[in-house]
Amino acid sequence: MKNVKNCDETKSGPLLRVVDLTTWFPVKRGFFSKTAAYVRAVDGVSLEIHCGETLGLVGESGCGKTTLGRTILGLEKTTKGDILLDGYSMSQLTPKEMNLLRQRVQVIFQDPMSSLNPRMTVIDIITEGLVQFKKIEVSKVAHANRLLAEVGLSEDALYRFPHEFSGGQRQRIAIARAISLRPELVICDEAVSALDVSIQAQVVNLLKSLQERYHLSLLFISHDLSVVSNIADRTAVMYLGRIVEAGNTADIVRAPLHPYTKALIAAVPVPGVSRRDRVLLKGEIPSSLSPPPGCPFHPRCPEVMPVCSQQEPVAKRVDGREVACHLH
Ligand code: SF4
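Only a predicted model underlies this, so the values are computations on that prediction, with no experimental measurement involved.

*Asks:* How should the site of the ligand be read in this particular structure?
*Replies:* In the vicinity of the ligand, the contacting residues are H258, P259, C295, F297, H298, C301, E303, C308, P313, C325, H326 and L327. According to the grid-proximity analysis, the pocket containing the ligand is the largest cavity. Along the lines of polarity and charge, the residues of the shell around the ligand split into 8 nonpolar, 3 polar and 1 charged.

*Asks:* Would you mind showing me how to read the layout of surface pockets here?
*Replies:* Rolled over the atoms, a probe with the dimensions of a water molecule shows which regions are left empty. The volume enclosed by the largest pocket comes to roughly 610 Å³. Residue lining of the largest pocket: 32 residues in total, with S46, L47, I243, A246 and E322 positioned closest to the centre. Elements with a contribution of two residues or more to the lining of the largest pocket: β1 (16–29), β2 (34–49), β9 (234–239), β10 (242–248) and β12 (321–323). Looking at the lining of the largest pocket, the element that brings in the most residues is β10, giving 7 residues. In terms of residue class, the lining of the largest pocket is made up of 16 nonpolar, 7 polar and 9 charged. Here the second largest pocket is characterised by a volume of approximately 480 Å³.

*Asks:* Would you mind going over the sheet that holds β12 with me for this structure?
*Replies:* Strand pairs in the sheet, formed through backbone hydrogen bonds, run parallel or antiparallel to each other. The sheet built from 8 strands is open, its strands ordered β6-β7-β8-β3-β9-β10-β12-β11 with mixed pairing. Each edge of the sheet is formed by a strand with only one pairing partner; in this case those strands are β6 (105–108) and β11 (316–318). Ignoring which end each strand starts from, the neighbouring axes of this sheet average 25° apart. With 2 bridges connecting them, β10 and β12 associate as antiparallel partners. Of the residues in β12, the one forming a bridge with A246 is E322. Running at roughly 50° to β6, helix α2 (residues 95–104) makes contact with β6 and β7 (185–189) of the sheet.

*Asks:* How should I be thinking about the pairing of strand β4 (residues 80–85) in this particular structure?
*Replies:* On a regular strand, one side chain projects to one face of the sheet and the next to the other, so that they alternate. Relative to β4, β1 is paired through 5 bridges, and the arrangement is antiparallel. Residue pairing across strands places T22 opposite K80, the latter belonging to β4. With 2 bridges connecting them, β4 and strand β5 (residues 88–89) associate as antiparallel partners. What sits directly across from L84, in β5, is S89.

*Asks:* Quick question: what am I supposed to make of helix α7 (residues 197–214) here?
*Replies:* Side chains three or four residues apart in an α-helix point the same way, a direct result of the helix having 3.6 residues per turn. Helix length check: α7, at 18 residues, gives a terminal C-alpha distance of 26 Å against a target of 26 Å (1.5 Å per residue), a fit within 8%. Within the sequence span of α7, burial applies to Q200, V203, V204, L206, L207, L210, Q211 and Y214. All buried residues of α7 project into a common sector of 155° when viewed along the axis, lining one side. At the C-terminal side of α7, H215 shows a positive phi close to 55°.

*Asks:* Please clarify how empty space enclosed by the protein should be interpreted in this entry.
*Replies:* Counted by the stated rule, this structure contains 1 cavity of 30 Å³ or more. In this structure, the largest cavity occupies an estimated 60 Å³ of space. If you trace the largest cavity, you find it lined by P259, C295, F297, C301, E303, V304, C308, P313, C325, H326 and L327. Residue composition of the lining of the largest cavity, grouped by class: 9 nonpolar, 1 polar and 1 charged.

*Asks:* Would you mind going over the pairing of β7 with me for this structure?
*Replies:* Extensive coverage of β7 is indicated by the burial of 5 of its 5 residues. Where β7 lies against strand β8 (residues 217–222), 5 bridges are found, and the strand directions are parallel. Paired with L185 across the bridge in β8 is S217. Assessed by its sense of winding, the connection that carries the chain from β7 through α7 to β8 is right-handed.

*Asks:* What is the right way to read the packing of aromatic side chains from this model?
*Replies:* What characterises a pair of aromatic rings is the spacing of the ring centres plus the angle enclosed by the ring planes. Per the counting criterion, the structure on display carries 4 aromatic pairs. Seen in terms of ring centroids, Y239 and F297 are 5.0 Å apart; in terms of plane orientation they differ by 80°. Their pairing is edge-to-face. Remark: F297 occurs in the loop between α10 (259–267) and β11 and Y239 occurs in strand β9; sequence separation between them is 58 residues. Each member of the pair, Y239 as well as F297, is classed as buried. Ring geometry for Y260 against F297: centres 5.2 Å apart, planes inclined by 65°, an arrangement best described as edge-to-face. Here Y260, found in helix α10, pairs with F297, found in the loop between α10 and β11; they are 37 residues apart in sequence, far enough to count as distant. Under the relative-accessibility criterion, F297 is labelled buried at 1%.

Reading the values: rules and limits
- Residues numbered from 1 in each chain as written.
- Predicted model: local features only at pLDDT ≥ 70, side-chain atom pairs only at ≥ 80, totals over all residues.
- Heavy atoms only, no water.
- Near = heavy atom within 4 Å.
- 1 Å grid on protein atoms, 1.4 Å probe; cavity = no way out; pocket = protein on both sides within 12 Å on 5 of 7 lines; lining within 4 Å.
- Sits in = over half its atoms within 2 Å of the grid points.
- Nonpolar A, V, L, I, M, F, W, Y, C, P; charged D, E, K, R; others polar.
- Points joined across faces, edges and corners; volume = space filled by probe spheres on them.
- Helix = DSSP H or I, 4+ residues; strand = E, 2+ residues; numbered from the N terminus.
- Pairing = 2+ DSSP bridges.
- Axes fitted to C-alpha atoms, helices over the stretch in contact; angles between N-to-C directions.
- Contact = heavy atoms within 4.5 Å.
- Expected span 1.5 Å × (residues − 1).
- Buried < 20%, exposed > 50% of the residue type's maximum accessible area, 1.4 Å probe, protein only.
- Arc of directions from axis to C-beta.
- Right-handed = clockwise from strand over helix to strand, strands pointing away.
- Phe/Tyr/Trp six-rings, centres within 6.5 Å; stacked < 30°, edge-to-face > 60°.

Now the structure itself:
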């Protein structure tokens, strides 16, 4: 695998390609721990992220978006399908190449309090990757100061511990750690969900400016479509392990096609979207242990038709986006 640092926008193909990705977890039962069923967390997802692009991945909690991010990071085993980085299949990487991949793809988790080691000082946290991959060129302090400046923190943070900071500051430390190795793709898993609204906006703006400076690609995972609409160029809407609508964020927010997307938009105030014609979502997301037959959204869909419970809709291209719904 090539060591291409910083995404090259002249490349024709996508930086990340996920093809028919399936991540199922076996449920063991009985004395012999036989596999009785599978939790279908991710069920045949295909998507692409191009250099310098932000793809928003949105859906209710339990829809499989975090599992999808973890599978891309190699933290969960792929059941079926493939993940290609720069055209190279991750399933065929040698341990050495996998190590290289860890430098190119980084993650920011929702809760920095649990993702940052409470016993490590900020300088050790944000330079851990640089030390591990032997990338300290001048001094650790110089690297750490540069990283702190990048995320808007001052040098007096260097020798303090994570619990001495506010939630927003801790997330800035997590961002400094994520960008320390100059990755090409950063997976932001509910990265602003635990923050107050005003701090959310600051962290989103920081991510945008870092993206511009380093030409980063972002996979921005969130349950909140209003946040996603502020940062994502394209958005994929996920329901029960599948992508039900994907396309340009502005188009999706302005005129959603899938009833589930309409319901998500109705649930949150999105700038520029009228509160008229709101679709209210009833009930809970079904268990991915036994998804409903046909369209997985049919038990909750306000526009359900007889065919919906019998036949699973296939994704089709409609108005420049992909939609999986019998209405289209
Ligand atoms: Fe609703 Fe049927 Fe479309 Fe599913 S396929 S979203 S149930 S209209």
